[in-house]
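Each chain, written out:
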Amino acid sequence: MRNIDHIYIDGTFVVPHGEELFDLHNPATAAVIGRVRLADAEDARRAIAAAKRAFPAFSRTSAAERIALLRRMHQAVRARGAELTEAVIEEYGAPVSRAGWMAAHAADVLLQMAEVLEEYPFRRRAGSAEVVMQPLGVAALITPWNSNAGFICGKLAGALAAGCTAVIKPSEMSALQTRIVTEALHEAGLPPGVFNIVTGRGETVGAELSTHPDVAKVSFTGSTAVGKTILRAGAETLKRVTLELGGKSPVVLLDDANLEQAVPLAVQAAFINSGQACIAGTRLLAPRSRLAEVEALARAEVENTRAGDPRDSATAVGPMVSRRQWERVQRYIRIGIEEGARLLAGGEGLPQSLPGGLSAGWFVRPTLFGEARNDMTIAREEIFGPVLSLIPYGDEEEAVAIANDTPYGLQGYVLSSNQERAAAVASRIEAGRVLVNTLAHEPKAPFGGFKQSGIGREYGAFGLEAFLEPKSVLGLHST
């Protein structure tokens, strides 16, 4: 049993003012593995004050100094890679094949932002004016449980690269990861107050960060409902806000696709990160002319997708993060059946092949629905679990219309044997990022959503600029 009873404020590990204790679980067994003492609004105010004190000096550091800082942070987090991988498996349940990537990603985003910063022009000419990109101030960074370490490091990299100071509110469900990352960043030798980490609930710590007048910027990743609350809360002080929210990503399978290659890729897109991913491609749009082939291949692929022990290298889908999340996914599977979708694979309950010791864990059977319609609940709402809906279409125009008939617009996928045709379809998908015949991630490209999938962008130069304001200076002679 691990007890985590410190937060990080002004360069020091301190005992929170808050007294609430929160149980940490291993989702593969449902066993309690630790307890974390949560921060409260008073702790958030102390962290904001520390970040505010640190801002004047840190905002005047040179890009070269911040590049060196980011590189030290990268080295420090990378050195804890094995420990971080273990924490991701134990408290989140990510399959070992995924967990290693998640731990490496947390370190890599720091190095990648350093590389962006090396080429970023903070000063540029606009006619007779000089435009200076200036850091916003104190940034509040609120991260989710489905990739906690990666989001902490990714958001912090952008904020620090810009010259902002930060207060981070990580998910209380990911305290083991948070502790490792915090210790690593402390070892990297950042000036006191430049970053602060207060683990607490959204309704206390998150609410304080969203309303406090000394917070200039909020960057939040999570549900659309909470994102709207943060946007409303920040309106009184006109906070700058970046929101990376929910998704219901379409996978447009064109009729010229090589189905033997494309269908397994589509299933992987749906079940990425055990289906607990905002980018999951959970709507598979298939041509009616090839529907029987697609159904057969998708069913076989889903049935062969192993859900179970995250420490088994053959596992593709680990447990849901909590019992609440498990019950949510079960409810959506029932709704799909009740609304008339045809269950092709999976269904309610636990996977049948689980070893006895894991029978108490929060495992979901990878599930495929056929004959789904885009107006069904399972096609409209974000499930956040391994549930894929196969939706038939007639022609390309209908495919694009169905793909865009959603309140979300985070990511889309196009699968085709014709690159030119795929590019044309991709250009019509209303999403912040579209992947053509790949599941690759490009960390220097902007990431964020259209419509109710969010506001603003993260990663690369666009993510850096999310923490900057342009200031025009006139009357200076050009050099």
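Below, the structure is looked at part by part.

Calculation notes
Residues numbered from 1 in each chain as written. Predicted model: local features only at pLDDT ≥ 70, side-chain atom pairs only at ≥ 80, totals over all residues. Heavy atoms only, no water. Axes fitted to C-alpha atoms, helices over the stretch in contact; angles between N-to-C directions. Helix = DSSP H or I, 4+ residues; strand = E, 2+ residues; numbered from the N terminus. Left-handed = near helix turned anticlockwise from the far one by under 90°. Contact = heavy atoms within 4.5 Å. Nonpolar A, V, L, I, M, F, W, Y, C, P; charged D, E, K, R; others polar. Core = buried A, V, L, I, M, F, W, Y, C linked by side-chain atoms within 4.5 Å. Buried < 20%, exposed > 50% of the residue type's maximum accessible area, 1.4 Å probe, protein only. Pairing = 2+ DSSP bridges. Salt bridge = Lys/Arg side-chain N within 4 Å of Asp/Glu carboxyl O. 1 Å grid on protein atoms, 1.4 Å probe; cavity = no way out; pocket = protein on both sides within 12 Å on 5 of 7 lines; lining within 4 Å. Points joined across faces, edges and corners; volume = space filled by probe spheres on them.

**Structural notes on the packing of helix α1 (residues 41–59) against helix α7 (residues 202–211)**
Item 1. The interhelical angle for the contact between α1 and α7, taken along N-to-C directions, is 35°, at an axis separation of 8 Å. Seen from above, α1 lies across α7 with right-handed handedness. From α1, A41, A44, R45 and I48 reach across to α7, where they touch T204, V205, E208 and L209.
Item 2. The residue makeup of the contact of α1 with α7, split by class, is five nonpolar, one polar and two charged.

**Remarks on the nonpolar core**
Item 1. In this structure, L70, M73, L156 and L464 are the most contacted members of the largest nonpolar core, which totals 64 residues.
Item 2. When near neighbours in sequence (up to four residues on either side) are disregarded, L70 contacts L110, M113, A114, L117, A157 and A161.
Item 3. One finds L254, I383, V425 and A431 within the second-largest nonpolar core, a separate group that totals 31 residues.

**With respect to the sheet that holds strand β6 (residues 123–126)**
Item 1. Pairing in this open sheet of three strands is antiparallel, and the strands run β6-β7-β21 from one edge to the other. Each end of this open sheet is capped by a strand with a single partner; those strands are β6 and β21 (468–473). On average, each strand axis in the sheet is tilted by 30° relative to the strand beside it, whichever way the strands run.

**Describing the pattern of salt bridges**
Item 1. Tallied over the full model, the rule gives 35 salt bridges.
Item 2. The partner of D23 in a salt bridge is R35, with the nearest N and O atoms 2.8 Å apart. With D23 in strand β4 (residues 21–26) and R35 in strand β5 (residues 31–37), this pair connects stretches of sequence that are 12 residues apart.
Item 3. Residue classification places D23 among the partly exposed residues on the basis of a relative accessible area of 30%.
Item 4. Salt-bridge contacts for E208 lead to R45; the nearest nitrogen and oxygen are separated by 3.3 Å. Of the two residues, E208 sits in helix α7 while R45 sits in helix α1, which places them 163 residues apart along the sequence.

**Regarding the layout of surface pockets**
Item 1. Within this model, the largest pocket holds a volume of roughly 1,500 Å³.
Item 2. If you trace the largest pocket, you find 45 residues lining it, with W145, M173, S223, V226 and R324 closest to the centre.
Item 3. Counting residues per element, the ones that place at least two in the lining of the largest pocket are β4, α7, β11 (215–221), α8 (224–234) and α11 (323–338).
Item 4. Of the residues that constitute the lining of the largest pocket, the class distribution is 19 nonpolar, 15 polar and 11 charged.

**So, the sheet that holds β4**
Item 1. Spatially, three strands are ordered β1-β5-β4 in an open sheet, and the strand pairing comes out mixed. Every other strand in the sheet has two partners, leaving β1 (2–4) and β4 as the edge strands with one partner each. Each strand of the sheet is rotated relative to its neighbour by a mean of 25°, with strand direction disregarded.
Item 2. As paired strands, β1 and β5 are joined by three bridges and run parallel to one another. Opposite I4, over in β5, you have V36 as the bridge partner.
Item 3. Lying on the sheet, helix α3 (residues 81–92) is in contact with β1, β4 and β5; it crosses β4 at an angle near 100°.
Item 4. Contacts from helix α6 (residues 175–187) reach β1, β4 and β5 within the one sheet, and its direction differs from that of β1 by about 65°.

**Describing empty space enclosed by the protein**
It is a probe the size of a water molecule, rolled over the atoms, that shows where empty space is left.
Item 1. In this structure the tally under the stated criterion is four cavities of 30 Å³ or more.
Item 2. Volume-wise, the largest cavity comes out at about 130 Å³.
Item 3. Considering the residues around the largest cavity, the lining is formed by 14 residues, among which G154, K155, E458, Y459 and F467 are closest to the centre.
Item 4. Counting residues per element, the lining of the largest cavity draws most heavily on helix α5 (residues 148–162), which supplies five residues.
Item 5. Split by residue class, the lining of the largest cavity holds five nonpolar, six polar and three charged.
Item 6. The space that makes up the second largest cavity amounts to roughly 60 Å³.
Item 7. Looking at the second largest cavity, the residues that line it are V109, Q112, M113, G154, A157, P443, Y459 and G460.
Item 8. For the lining of the second largest cavity, the residue count by class is five nonpolar, three polar and no charged.

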